[in-house]
Each structure stands twice: as structure tokens, then as C-alpha cells.
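Okay, here's what each chain looks like letter by letter:
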Amino acid sequence: MRQARAEEYAEFAAVRAGHLYRAACLLTAGDTHLAEDLVQEALGRIYVRWGRVSRADNPAAYAQTVLTRAFLVHQRRRSSGERATAELPEVPYAAGDTPLRLTLLDALARLPAKDRAVVVLRYWEDRSVQETADVLNASSAAVRTRCTRALARLRELLGEDLAAYARP
């Protein structure tokens with residue numbers, strides 16, 4: 001029985017890890033190392049409760065909730081030794097939408113953690129207001145307000161120059 005559960009968890013983790021990593025990269029505004037740590041922490045927490053999680057209606061949504069909450073806890077615990085920087089490290093240029101991606105990640109990095117979480121959950125994860133509120137332990141009205149303010153801040157940060165990065 002224990003071996004079957006472990007195999008079931010390993011299959012779940014293999015399927016969801018990529019999606020969780022992409023969401024974590026957005027939450028951390030491109031900090032891939034922190035994103036890996038958050039995914040690892042989320043998967044570890046899920047493993048401990050896998051018996052209960054596997055019986056849930058939507059284990060993938062549960063995993064996303066655990067990831068988002070791990071990110072918010074990390075943001076609250078930022079130690080005094082860590083220093084945020086306004087500049088991203090140099091990244092080799094690859095064909096595609098790299099300038100747009102870097103511009104968006106920079107703008108996301110300038111948002112407060114909860115605003116960033118709301119934007120990622122609502123627009124990357126395509127969750128409803130109520131689902132986002134449940135993940136963040138907030139009211140629907142608070143999510144709508146935070147979303148409106150976060151989008152206004154993103155528009156302010158990105159300005160009209162965003163069209164220059166978009167492909168024709």
C-alpha cells in the first residue's frame with residue numbers, strides 16, 4: 001500500500017512540477033533559484049499529506065495553493081541579509097520574446113508580493129476571483145481591489161512602450 005502511494009505521488013509530482021515551476025518563476029519575478037526552492041517546498045508539503053491530498057477533488061489546485069502560500073510566507077520572512085535589486089542579472093539573448101519577457105518580469109518584480117500573487121493567479125493560472133480569494137485567505141472584494149490596483153501599477157510601470165516589445 002505504501003509503495004503504491006509513493007508511486008502515485010511520484011507520478012503526480014512529475015506531471016505537475018513543470019507547471020508549478022513556471023508559476024513559481026512568475027511569482028518570484030524570474031528568480032529561478034527561489035522558484036526551484038518554492039516548488040521543492042510545496043512538493044515536500046504535499047508529500048507529507050499525500051494520503052489526504054490524493055483524495056481531494058483537485059490535487060493540482062491544492063498544489064498551486066501550497067506553492068502560492070509558500071511564496072507569501074517566504075516574502076514575509078525575508079531575512080535582513082537579503083537585498084533586493086532593481087536589475088536582473090545578465091541573461092543570454094535567445095530568439096523569441098525575451099525583451100518582452102524581461103520587461104514583464106521586471107514589472108512583476110516591482111509589485112508587492114500579494115499583488116504579484118493576485119496577478120499570477122488571476123491571469124496566469126486563469127483562476128476566478130473566488131478561487132484566488134480562497135488561495136490567499138482573503139475576501140472576493142479584497143482580491144478585486146488588489147487586482148485593479150496591481151493592473152494599474154503594471155500599466156504605469158510598463159507605459160506605452162510595451163507595444164515596442166510585442167511581435168507584429
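These figures come from a predicted structure and were not determined experimentally. Residue indices begin from 1 for each chain and proceed along its sequence in written order. At least 70 in pLDDT is required for a residue's local features to be given in this predicted model, at least 80 for side-chain atom pairs to be given and counted, and no such filter applies to totals for whole chains, interfaces and linings, which use all residues. The basis for the side-chain values is all heavy atoms of the structure; hydrogens and waters are excluded.

**Q** Outline the nonpolar core, listing residues and values.
**A** What we call a nonpolar core is a set of buried Ala, Val, Leu, Ile, Met, Phe, Trp, Tyr and Cys residues that are connected through their side-chain atoms within 4.5 Å. Working definition: with a 1.4 Å probe on protein chains only, accessible area under 20% of the residue-type maximum means buried, over 50% means exposed, and in between means partly exposed. Of all hydrophobic cores here, the largest spans 44 residues; its most connected members are Ile 46, Leu 67 and Leu 136. Per the convention used, a helix needs a DSSP run of H or I reaching at least four residues, while a strand needs a run of E reaching at least two, with both numbered from the N terminus. Only helix 1 (2–27), helix 2 (32–48), helix 3 (50–53), helix 4 (59–76), helix 5 (98–109), helix 6 (113–124), helix 7 (129–136) and helix 8 (140–158) provide two or more residues apiece to this core. For this core, the element with the highest residue contribution is helix 1, accounting for nine residues. We call two residues contacting when some pair of their heavy atoms lies within 4.5 Å. Setting aside residues no more than four positions away along its own chain, Leu 67 makes contact with Leu 20, Ala 23, Ala 24, Leu 27, Leu 38, Val 39 and Ala 42.

**Q** So what's going on with helix 1? Residues and values would help.
**A** The largest bend in helix 1 amounts to roughly 45° and is located at Arg 16. Of the positions making up helix 1, those classed as buried are Tyr 9, Phe 12, Ala 13, Arg 16, Leu 20, Ala 23, Ala 24, Cys 25, Leu 26 and Leu 27. Each element contacted by the buried residues of helix 1 is listed here: helix 2, helix 3, helix 4, helix 5 and helix 6. Fitting axes to the seven residues that end at a residue and to the seven that start at it, the angle between those axes gives the bend at that residue.

**Q** Account for unusual backbone geometry, naming residues and giving values.
**A** For Asp 126, which is not glycine, the phi torsion reads 55° and is therefore positive. Following the sequence through the fold, Asp 126 ends up in the loop between helix 6 and helix 7. One non-glycine residue, Asn 137, lies in positive phi territory at about 55°. Along the chain, Asn 137 falls in the loop between helix 7 and helix 8. Overall, the relative accessible area of 63% leaves Asn 137 in the exposed class.

Everything listed is a geometric property; what it means functionally is a separate question.
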